Amino acid sequence: MSKFGAMIMGPAGAGKARSTFCAALITHLQLNRRSAFYVNLDPAAESFEHTPDLDIKELISLHDAMEEVGLGPNGGLIYCFEFLMQNLDWLTEALDSLTEEYLIIIDMPGQIELYTHIPILPTLMKYLCQPGSLDIHMAAVYLLEATFVVDRAKFFAGTLSAMSAMLMLEVPHINVLSKMDLVKGQVKKKDLKRFLTPDVGLIDDDPVERSRRLREGGGGDDDDDGDDDDESKRPDEKAQIMKGASFRRLNRAVAGLIESFSMVNYLKLDVTNEDSVAAILSHIDDCIQYHEAQDPKEPNDDEDEDQDQDQDGHE
Ligand SMILES: Nc1nc2c(ncn2[C@@H]2O[C@H](COP(=O)(O)OP(=O)(O)OP(=O)(O)O)[C@@H](O)[C@H]2O)c(=O)[nH]1
Ligand SMILES: [Mg+2]
């Protein structure tokens, strides 16, 4: 029997969990009479809009890890994941009996160490996907806050972390720009579109950078060599300008790398707009081939549904 799931990842506060993407996705699935199985793997998460069907805190909580092993919050989180890896039966027991109708939604914590520094996530993902074991068709969904677009260097740093997760996990991957409501009115629609398929041009014509360079006396052009012939500048001012130039070169190199891989595209998420949630679900369904595995519905099923809807007074 096939199983289907999505792992929801991304930096802290990206809007993965509580009031936000996981919650909106589950609500949307329920409204569309689909089954969700919600797994919380954040050992520090306390409150939820939808109660998880499986919660890592039943196995180990961050509080226990910190108290018993004497670790801080980040070390405690890594300890919780190492503990999970030694107790994977706990996951298997809960997930093994799920049918192909379910979408298993796995909410992850936001600590960046999990996605970059340690190999726990690839091992966990392999365990979930392994044929002959749980054999779940998994997608990775990586959320980045849309407010990152206001600072292009930050946006590319975030995009690099998304790409690193994508290369590390080796499963179908969807990148999402979350909290779109926060940039409405701040960034023009046309400009926002450019961030959905990021390229190095975004660094070259960054309006914030341009005005900063004008303030520094660099003329606002693209002269990025850090040479400053202005003898009137103090050494500390010159050093500052050199640092800025190196930073810009680094950002351009990172952006160029991302562009040359041309693997990172974003979908927009506005959780207050159901169409936006539906569009992301449809991408998840497509890349894990959810619909191909579903039993065709009996014609009567739909008639029954229509009658129910008429009785409820809906169209
Ligand atoms: N305006 C706005 N705020 C949002 C949105 N999504 C999340 N937030 C807020 O952002 C904060 C973080 O949301 P969470 O869902 O807890 O984020 P998370 O990614 O699970 O964060 P961690 O668990 O810390 O990794 C909360 O205060 C949310 O209310 C959104 O779409 N729009
Ligand atoms: Mg969370």
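In what follows, the structure referred to is the one given above.
Residues numbered from 1 in each chain as written. Chains lettered and ligands numbered in written order. Predicted model: local features only at pLDDT ≥ 70, side-chain atom pairs only at ≥ 80, totals over all residues.

1. Observations regarding the sheet that holds strand 7 (residues 266–268)
Note: strands within a sheet are paired through backbone hydrogen bonds, in either parallel or antiparallel orientation. Reading across the sheet, the seven strands line up as 3-2-4-1-5-6-7 and stay open at both edges, with parallel pairing between neighbours. A single partner strand is all that each edge strand has here, and the edge strands are strand 3 (54–55) and strand 7. When strand 2 (residues 35–40) meets strand 3, the two strands line up parallel, connected through two bridges. Across the sheet, the residue bridging to Val-39 is Leu-54, located in strand 3. Helix 7 (residues 152–169) contacts strand 1 (3–9), strand 5 (136–145) and strand 6 (173–178) of the sheet and is inclined by roughly 170° relative to strand 5. (Pairing = 2+ DSSP bridges. Helix = DSSP H or I, 4+ residues; strand = E, 2+ residues; numbered from the N terminus. Contact = placed C-beta atoms within 7 Å. Axes fitted to C-alpha atoms, helices over the stretch in contact; angles between N-to-C directions.)

2. A closer look at unusual backbone geometry
Phi at Arg-33 takes a positive value of approximately 55°, unusual for a residue other than glycine. The topology assignment puts Arg-33 in the loop between helix 1 (21–31) and strand 2. Even without being a glycine, Gln-289 presents a positive backbone phi close to 55°. Take Gln-289: it is sitting in the loop between helix 12 (274–288) and helix 13 (299–311). Using a count of 12 C-beta atoms within 10 Å as the deciding quantity, one classes Gln-289 as exposed. (Buried ≥ 20, exposed ≤ 12 C-beta atoms within 10 Å, placed from the backbone.)

3. Observations concerning the pairing of strand 5
By the criterion of burial, strand 5 is predominantly enclosed, with 10 of the 10 residues buried. The two faces of strand 5 match: Ile-136, Met-138, Ala-140, Tyr-142 and Leu-144 on one face and His-137, Ala-139, Val-141, Leu-143 and Glu-145 on the other face are all buried. Bridging between strand 1 and strand 5 involves seven bridges; their strand directions are parallel. Pairing of Ala-6 across the sheet is with Ala-139, part of strand 5. Following the backbone out of strand 5, through helix 7 and into the adjacent parallel strand 6, one traces a crossover that is right-handed. (Right-handed = clockwise from strand over helix to strand, strands pointing away.)

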